[in-house]
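# Reading the structure
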Amino acid sequence: MGILRGKLLPPVLAILFSALLCGIALVVSGANPLQAFGVMFAQVGEGTTAVDIINSTGTYYIAALAVAIGFQMNLFNIGVEGQYRVAAVVAAVVGGSIALPPGIHALVIILTAAVAGALWAAIPAILKVTRGVNEVISTIMMNGLALGLAAYLIGADVFGELRGNNIRTPEIPESGWVPGIPFGSSGTVFGLVFLAALLGIGYWVMMNRTRFGFELRASGESSTAAAAGGVNAKKMVLIAMLLSGGIAGLVSMPEILGRDHTYNLNFPAGIGFSGIAIALLGRNHPGGIAFGALLWAFLDKSGLALDNVGVPREIVTIMQGAIVLSVVVAYEVVRRFELAAQQRQVGRQLGTVDAA
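Here the structure is a predicted model, which is why all the values come from computation and not from measurement.

The next point concerns the packing of helix H12 (residues 271-282) against helix H14 (residues 314-350). Interaxial distance between H12 and H14 falls to 9 Å at its minimum, and their mutual angle equals 30 degrees. As judged from the angle between their axes, H12 and H14 are roughly parallel. As H12 runs across H14, the sense of the crossing is left-handed. When H12 is examined against H14, the residues Ala277, Leu280 and Leu281 are found in contact with a partner set consisting of Ile323, Val324, Val327 and Tyr331.

Structure representation (structure tokens):
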């Protein structure tokens, strides 16, 4: 029962509270909450919504895993947004400039993206371990630099090309594409959605079945205690940031290799910041993160139908924000409840608290 309360109760309470808050907001605005939520659920069966939710879930899941690795080390890697953007443009440029056999071509692009993301994350990591620069500040600044660098690299006089009113990198040849799973008029599931699942399995194995994962968690809990046990805390910080950046570099791969085959000015933004919220919601557990990514994708895609009933789409943003806020509060409330229950149990065993 303790595990049930500690692991499942907080996110459930957070979701219910956010739904209640949004319901109140809808009532105040004169809308019908039941109708709005009903339209959102009904939208899942319309058009390509279900497939879009699956594809977005995979993308959000990879971003949240990148954030979660940093969280395990008590590192707040806000730079996932910039890391995946730099990796996307570098991988797209490399992929569109080479010709390799099918399979090998896609693999080279994926590895390029991972290396680019890791190298971009290495800058704030080195600043932290050598100069003590807070990773929150450095990664936020790196996000701005990443946006400017990506815009420069796709310039028409650098690696980009003008197509209509849009600037993009050269299109990746078909040998570098990753085929998806077609569902007719319902859309096509990206082939690299399965990469997200493999990353989740690898993350769980690393954190729970390897010495490195134990040392990573130990360093995050107490760098002093870890050092006493022979763990080099600075080395763990560097490795954790490189791993986080490497995974962040893969965020864009499902879309680039599965649909767009290029990087352009309209490339999706904000995925890295959503990954932070999803990692918080899932409490850094691969299963919890998967649920959070699915919920986030559902709200994003099904919320498109709200305009049809005169409800502003911003209600989805309110719900997502309320989930992030309330999940932190819910975990703290449950933690204190569990602590009080443990204290009462110890008191009963010592005879200092009445069993009644």
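Taking 1.5 Å of rise per residue, 24 residues should cover 34 Å, and helix H3 (residues 49-72) covers 33 Å from first to last C-alpha, within 8% of that figure. Within H3, 21 of the 24 residues are buried, which leaves the element mostly enclosed by the surrounding structure. Taken from the residues just after H3, Asn74 is the one with a positive phi, measuring 60 degrees.

As recorded in UniProt, the sites labelled "transmembrane region" (unreviewed entry) are residues 60-77, 84-100, 106-127, 139-160, 180-205, 237-257 and 315-334. Annotation note: span residues 60-77, helix share 72%, strand share 0%, distance between end C-alpha atoms 15 Å. Within the segment residues 84-100, helix and strand shares are 82% and 0% respectively, and the terminal C-alpha atoms sit 24 Å apart.

Interpreting fine coordinate detail is not advised for predicted regions of low pLDDT. Scored by pLDDT, the protein chain has a mean of 87; 96% of the residues are at 70 or more. Predicted confidence in the protein chain is weakest over helix H1 (residues 2-28), with a mean pLDDT of 73, and strongest over helix H5 (residues 104-131), with 96.

Further remarks concern the pattern of salt bridges. Taken as a whole and assessed by the stated rule, the structure comprises eight salt bridges. Between Glu81 and Arg85 there is a salt bridge whose closest N-O contact spans 3.7 Å. Highlighted residues: Glu81 and Arg85, both in helix H4 (residues 80-97), separated by four residues, approximately one helical turn. Note on accessibility: Glu81 and Arg85 belong to one class, buried. Put simply, Glu215 and Arg211 hold a salt bridge, and the shortest N to O gap is 2.9 Å. With Glu215 and Arg211 both in helix H8 (residues 211-221) and four residues apart, the pair spans about one turn of that helix. Here the salt bridges do not stand alone but share partners, grouping Glu161, Arg163, Arg168 and Glu171 into one network.

Counting residues in each nonpolar core, the largest one holds 86 residues, and the members touching the most others are Leu250, Met253, Leu257, Tyr263 and Leu299. When residues no more than four places from it in sequence are discounted, the contact partners of Met253 are Ala91, Ile109, Ile110, Ala113, Leu192 and Gly258.

About the criteria used
- Numbering of residues starts from 1 in each chain and follows the order in which that chain's sequence is written.
- It should be noted that, the model being predicted, local features are given only for residues of pLDDT at least 70 and side-chain atom pairs only at 80 or more, the latter also being counted only at that level, while totals for whole chains, interfaces and linings use all residues.
- Side-chain numbers come from the whole structure's heavy atoms, not from hydrogens or water.
- Helix axes are fitted to C-alpha atoms over the stretch in contact, other axes to C-alpha atoms as well, and angles between N-to-C directions run from 0 to 180 degrees.
- Counting from the N terminus, the helices are the DSSP runs of H or I reaching at least four residues and the strands are the DSSP runs of E reaching at least two.
- Here roughly perpendicular refers to angles of 65 to 115 degrees, roughly parallel to angles under 35, roughly antiparallel to angles over 145, and oblique to all remaining angles.
- Each crossing is labelled by how the near helix is turned from the far one, with a counterclockwise turn of less than a right angle marking it left-handed and a clockwise turn marking it right-handed.
- In what follows, residue pairs with any heavy atoms lying within 4.5 Å of each other are defined as contacts.
- Working rule for helices: expected span equals 1.5 Å times residues minus one.
- Think of it in three bands: residues with accessible area under 20% of the maximum for their type are buried, residues over 50% are exposed, and the middle band is partly exposed, with areas taken using a 1.4 Å probe on protein chains only.
- UniProt positions are given in the numbering used here, feature names are shortened, and annotations may be inferred rather than shown by experiment.
- For every residue, the predictor reports its confidence as pLDDT, a number between 0 and 100.
- Think of a salt bridge as a Lys or Arg side-chain nitrogen and an Asp or Glu carboxyl oxygen that are within 4 Å of each other.
- Definition used in this section: a nonpolar core is a set of buried Ala, Val, Leu, Ile, Met, Phe, Trp, Tyr and Cys residues joined via side-chain atoms within 4.5 Å.

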